[in-house]
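A look at the structure
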Amino acid sequence: MDHSSWLKKNARYLFSFVLLALFIACSHQPENVSMCDRTPDIYPDYVGVTIPVDIAPLNFSMADDSVSHIDVTVEGNKGGRLHANGTFADFDIKEWHGLIRQNRGGKLTVTVCAEKNGEWTQYRPFDIFVSTDSLGEWGITYRRIPPSYNIYSQMGLYQRNLSNFDEEAMLVNTQAPGMCINCHTANRTNPDQFVFHVRGGHGATVIGRNGDIELLKARNDSLGGSMVYPSWHPGGRFCAFSTNKTSQMFHTANPKRIEVYDSSSDVFVYDAETHTILSDTLIMKKLWAENTPAFSHDGKWLYFITARRQVYPDDYDKERYSLCRVAFDEQTGKLGHDVDTLIQADTLKSITWPRPSYDGRFLMYTQANYGYFSVWHPESDLWLLDLQTMESRRMDEVNSPRAESLHSWSANSRWFLFTSRRDDGLYTRIYFSTVNADGKATKPFMLPQRNPKKYYQQLLYSYNTPDFTSKPVKYDARTMGNRIESDQRTGTKMKAGATGE
């Protein structure tokens, strides 16, 4: 037998031998392990978190960059076991889902051994709790934006499958050059109805309803501004918007980098069937700034925030918003006659981003020292209003010393997400938590990534306006970009409502 024939006959065995040799060379198994009576410092911090059964694997690294390898076992108290060994804990997706399904309502115990400078240390095990409540959502949508401040740069709308690590761009502004693509908002997480706003030379408000997509004129001259922060009525015909004249300024000697304020803002309701803007001076008062509308779970109330207008930009830090609501009649498309003030602003607090849960039980909002653009305010925290008792409390179990903001509920109202700058103080990341019937939330966990330390260290973008989505968003990005670059727009008309005092 010649040499080439021998190689062909034994190629399979040679390949297996090489793989085995590589495994032995690359695998770092714990030896001469010393014990440490504290939980490991891991990134992201998943120690003691509560997760849904449909979440992607909680892969992690040691926070200490000088750790070269880790060896991790995960055991369920109802059975099952996982093992990972390498530079970070990289769990098999299929095996992970099998384990957490088996341990629904139970817990996972995680044991970590770490190698540093050739020496292995085993840390005290920690638990991850598996909720009985499903997430009930396919994934999330969000905007990713760079800290460009004055130019649009590269930004886009993305969607992410929460059961794995698949991310897809829905629309990026390279497909609509020079445009600023704003938040994507679905109706109660159902992307069959969505809206997002585009600013720039070919600005538009893009509305999708049951397969039909319309591009509205970005501005209505009678309204005096664009359709900005949206909230769908659960019936699907109406959508509340704010209209804003937004400005920004920079601090020169302040821990805060930037301030965003509105020189003018109002709230109105849009009728998507008649292309009519329903204006009402109850929520469009001349000397007041109304903002961030949100319909209640049953559509019978419209929540919003309001503040007395200040002299801008001089008195930007004196602007404090109260939380209000007004009745809404879906049959007539009209507001009630009175505005209820639920939380009155004072000299110490300002309310923003009210988001009622879809079961009607709670309303989550952000509180800051002033203004409404809380993402730039390190002191901003999440608060929870109990709509049965009308009592409100700061959510200390999820807040951090850095900015929390931009929160959304899952459709079953058992889970919520929010953005936070707690990771590095510079970029907003997405976190998840669950809330029980008494309004008590669990320790939040960061959006999982395949290799989270590498991913987040290299990601120079912030997550913005995230929301859950019950299924993938489907529209052709190239077609959408071409439509945005065209001049074809649907006009809107104004219809006046009742006159408020």
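Before reading further, recall that the structure is shown in the block above.
These notes cover the structure that comes with them. (Residues numbered from 1 in each chain as written. Predicted model: local features only at pLDDT ≥ 70, side-chain atom pairs only at ≥ 80, totals over all residues. Heavy atoms only, no water.)

Points about helix 4 (residues 477–485)
Our working rule: Remark: exposure states derive from per-residue accessible area (1.4 Å probe, protein chains only) relative to the maximum for the residue type, with buried under 20%, exposed over 50%, and partly exposed in between. Numbering goes from the N terminus for both helices and strands, where a helix is a DSSP run of H or I of at least four residues and a strand is a run of E of at least two. Our arc is simply the arc of the directions from the helix axis toward the C-beta atoms. Residue contacts follow a heavy-atom distance rule, with two residues in contact if any of their heavy atoms lie within 4.5 Å. What qualifies as a polar contact is a pair of N or O atoms within 3.5 Å, subject to a donor-acceptor requirement within protein and to the restriction that residues adjacent in sequence count only when both atoms come from side chains.
The complete set of buried residues in helix 4 reads Ala-477, Met-480, Gly-481 and Ile-484. Axial view of helix 4: buried residues confined to an arc of 100°, hence all on one face. Looking at the buried side of helix 4, the elements it contacts are strand 12 (167–172), strand 15 (190–199), strand 16 (204–209) and strand 17 (212–217). Sitting at the amino-terminal end of helix 4 is Asp-476, which places a side-chain oxygen 3.3 Å from the backbone nitrogen of Arg-478.

Side note on the nonpolar core
Just so we agree on the cut-off: Only buried residues count toward a nonpolar core. Its members are Ala, Val, Leu, Ile, Met, Phe, Trp, Tyr and Cys residues joined through side-chain atoms within 4.5 Å.
Among the nonpolar cores identified, the biggest contains 60 residues, and Ile-51, Phe-60 and Phe-416 are the most heavily contacted of them. Not counting residues up to four positions away in its chain, the partners in contact with Ile-51 are Leu-58, Trp-96, Ile-100, Ile-128, Phe-129, Val-130, Ser-131, Trp-415 and Phe-445. Membership of the second largest hydrophobic core comes to 27 residues, among which are Phe-238, Phe-241, Tyr-270 and Leu-278.

Description of the pairing of strand 28 (residues 350–356)
What counts, and what does not: A pair of strands is treated as paired once DSSP finds two or more bridges between them.
Among the seven residues of strand 28, six are classified as buried, and the element is accordingly described as predominantly covered. Summarising the sheet, strand 28 and strand 29 (residues 362–368) pair through five bridges and their orientation is antiparallel. What sits directly across from Thr-352, in strand 29, is Thr-366. Between strand 28 and the antiparallel strand that follows it, strand 29, lie five residues; Gly-360 among them carries a positive phi value of about 80°.

Quick notes on the environment of Phe-60
As for its position among the elements, Phe-60 is in the loop between strand 3 (50–51) and strand 4 (61–62). In this structure the C-alpha to C-alpha distance between Phe-60 and Ile-213, which are 153 residues apart in sequence, comes to 41 Å.

Re the environment of Tyr-43
Among the secondary structure elements, Tyr-43 is positioned in strand 2 (residues 42–43). Each C-alpha atom of the pair Tyr-43 and Val-473 lies 31 Å from the other, and the pair is 430 residues apart in sequence. With residues near it in sequence (within four places) discarded, Tyr-43 still touches Phe-60, Ser-61, Met-62, Ala-63, Asp-423, Met-446, Pro-452, Lys-453 and Tyr-456. A polar contact of 3.0 Å, which involves the side chain of Tyr-43, links it to the side chain of Asp-423.

Some thoughts on the side chain of Asn-464
Tracing the chain through its elements places Asn-464 in strand 36 (residues 462–469). Polar contacts involving the side chain of Asn-464 include one to the side chain of Thr-465, which spans 3.5 Å. With near-sequence residues (within four places) excluded, Asn-464 lies in contact with Tyr-142, Arg-143, Ile-145 and Leu-406.

In short, the description is geometric, and any link to function would need to be established separately.
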